[in-house]
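Chain residues, written in single-letter form:
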Amino acid sequence: MALWVVRNCRIANFYRKSAFCTKGRAHINTRIVDVYKLEPVGSHLSIKGWVKAMRKMKDIVFIDIIDGSCLEGLQVLISKSKQPKTLTYGAAVEAAGSLQMNKNGQLELAAEDLTVVGPCIVIDGYPFAPRKSYSPDYVRQFLHLRPRTSTFGALLRVRDAASHAINEHFRNNGYIHIHTPILTSNDSEGAGEIFRVIPDNENLVKEMAKDGMSFDEAYFDSKTYLTVSGQLHLEAVVRGLSKVYTFGPTFRAENSRSRLHLAEFYMVEAETAFIESLEELVKVMENLIKDVTSKIVGKCTDDVRTLRSAAGNEDSLLSVLEKPFEVMTYEEAIDILDRHSGNFVSQVERGQGFGKEHELYLVKHAGGCPVFVVDWPHDIKPFYMKQSLQDVSKKLDLLPSSGVSGEKALIQLGL
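Residues numbered from 1 in each chain as written. Predicted model: local features only at pLDDT ≥ 70, side-chain atom pairs only at ≥ 80, totals over all residues. Heavy atoms only, no water.

(A) Region of interest: the overall build of the protein. The number of helices and strands found in the protein is ten helices and 15 strands. Taking all 415 residues of the protein together, the buried fraction comes to 39%. Taking all contacts inside the protein whose residues are at least 6 apart in sequence as the whole, residues at least 24 apart take part in 58%. Accessible surface for the protein amounts to roughly 24300 Å². Of this, 52% is attributable to carbon and sulfur atoms. (Helix = DSSP H or I, 4+ residues; strand = E, 2+ residues; numbered from the N terminus. Buried < 20%, exposed > 50% of the residue type's maximum accessible area, 1.4 Å probe, protein only. Contact = heavy atoms within 4.5 Å. Areas by Shrake-Rupley, 256 points an atom, 1.4 Å probe, with all protein chains shown as cover.)

Next comes the structure, spelled out in structure tokens:
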């Protein structure tokens, strides 16, 4: 049984190290990520996971085992005479033995015992084969097995690290986490891109409906939707708590199924009272992105490298952290796009918003650095954006570099 001690790091490390036993003592189950962190060569330990690959030699079987705690698996050696008959690729196993360093300088477990906890009958239709790559569309057909693949495992660990880093950043900077409702009666964006919520039980709806009331209003006494934003709730709460944020699921009913228009996604929204300038807001946003990026890269270096390589992007994310983000006005951005109009399929007119190709070019023009575009014409921005004396919206969009997202994305915050 794993023992987690959160009182302080010193105590936590003590218990983590105690999972590695000296020779002659009982085996204690250990995560593979902890094996690589501490490298307790000579320790007796037990690992549990799934067989990623097998290689049979004359007298020894080499088994690569993964447990999802990190990208790398651990190589396990066992004598053929001790190999269980049900040991196959994909099987769930427990291996116990001593940790050693092989002649190539790699850690491996010399197993004294190996037990098949859950067999995998490959010939019955197991969808993956060892050392073979599959497209994301193929892997998505097997939702219960895709976390075992390198790419999806890496993606889920990076998402976990990102969630933790975001919450930690806000907490360290004095923000209070507000759980805004998922079911709401308002469309805070005002665009009508909302999902309605009604009970699936028609009899229940008929029983609860009042005279003159539509079935859409029967259950909650008003039309109810899945949230598109927690912004309105935060704007109310910030007037008593000063610094607040929410981080939760968001739903948009848009006529698109591209990667840029998701029906469900997680969104970070923050509100800070008493901010007096766009410059102050820019610094808040830049610090958030740099801090979160740094923590993700630090904790999930191998996972990030795997995902970026799969996307064909080998540039370092750390370049985002090395220089200040670019800040330009809408007029400056338009001038840049006008001077280089030959690079675009569609031209942007002054007073209009930018397309994806325009945003990517502005980032490229800034040397690959994320770009803040400020002072937009108020006619093309939402009604709730603060207007300045110069008839422009006190509003900014952050155009991320390909090193951050690889896709069009805007982080929008208003004063």
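Now, onward.
(B) Highlighting the sheet that holds strand β10 (residues 264-272). The three strands are arranged β6-β9-β10 in an open sheet whose pairing can be described as mixed. What marks the edges here is a single partner per strand, and that holds for β6 (176-177) and β10. In terms of strand pairing, strand β9 (residues 243-251) meets β10 through nine bridges, oriented antiparallel. Considered in β10, the bridge of T250 is made with F265. Here helix α4 (residues 150-172) sits on the sheet in contact with β6, β9 and β10, set at roughly 155 degrees to β9. (Pairing = 2+ DSSP bridges. Axes fitted to C-alpha atoms, helices over the stretch in contact; angles between N-to-C directions.)

(C) Focus on the nonpolar core. Ranked by size, the top nonpolar core spans 30 residues in total, and within it I47, I63, V76, V93, L109 and L114 carry the most contacts. Sorting the residues of this core by element identifies α2 (32-38), β1 (44-56), β2 (60-66), β3 (74-79), β4 (92-101) and β5 (107-118) as the ones contributing at least two each. In terms of residue count, β5 provides more of this core than any other element does, five residues in total. When near neighbours in sequence (up to four residues on either side) are disregarded, L109 contacts L45, I47, L74, Q75, V76, L77, A95, A96, G97, S98 and L99. (Core = buried A, V, L, I, M, F, W, Y, C linked by side-chain atoms within 4.5 Å.)

(D) Expanded view of the side chain of T246. Within the secondary structure, T246 is located in strand β9. A relative accessible area of 6% places T246 in the buried class. Setting aside residues up to four positions removed in sequence, T246 forms contacts with H177, I178, T180, L234, M267, V268 and E269.

(E) Broad picture of the pairing of β4. Across the ten residues that make up β4, a large majority, seven, are buried. Note that β1 and β4 share seven bridges and pair antiparallel. If you follow L45 over to β4, its bridge partner there is G97. Direction of pairing for β4 relative to β5: antiparallel, over a ladder of ten bridges. In the strand pairing of β5, V93 is matched with V116. Hairpin connection from β4 to β5: five residues lie between these consecutive antiparallel strands, with G105 at a positive phi of about 75 degrees.

(F) Main features of the confidence of the model for the protein. When pLDDT is averaged along the protein, the result is 85, and 86% of the positions lie at 70 or above. pLDDT under 50 marks residues 1-26. Its contacts with residues more than four places away, or in other chains, come to 26 contacts. The model gives residues 403-415 a pLDDT under 50, and that stretch makes 45 contacts with residues more than four places away or in other chains. (pLDDT = per-residue confidence, 0-100.)

(G) Examining the environment of Y361 more closely. Checked against the element boundaries, Y361 lands in helix α10 (residues 356-365). For Y361, a relative accessible area of 15% gives the class buried. If sequence neighbours within four positions are ignored, Y361 has contacts with I336, L337, H340, N343 and F344.

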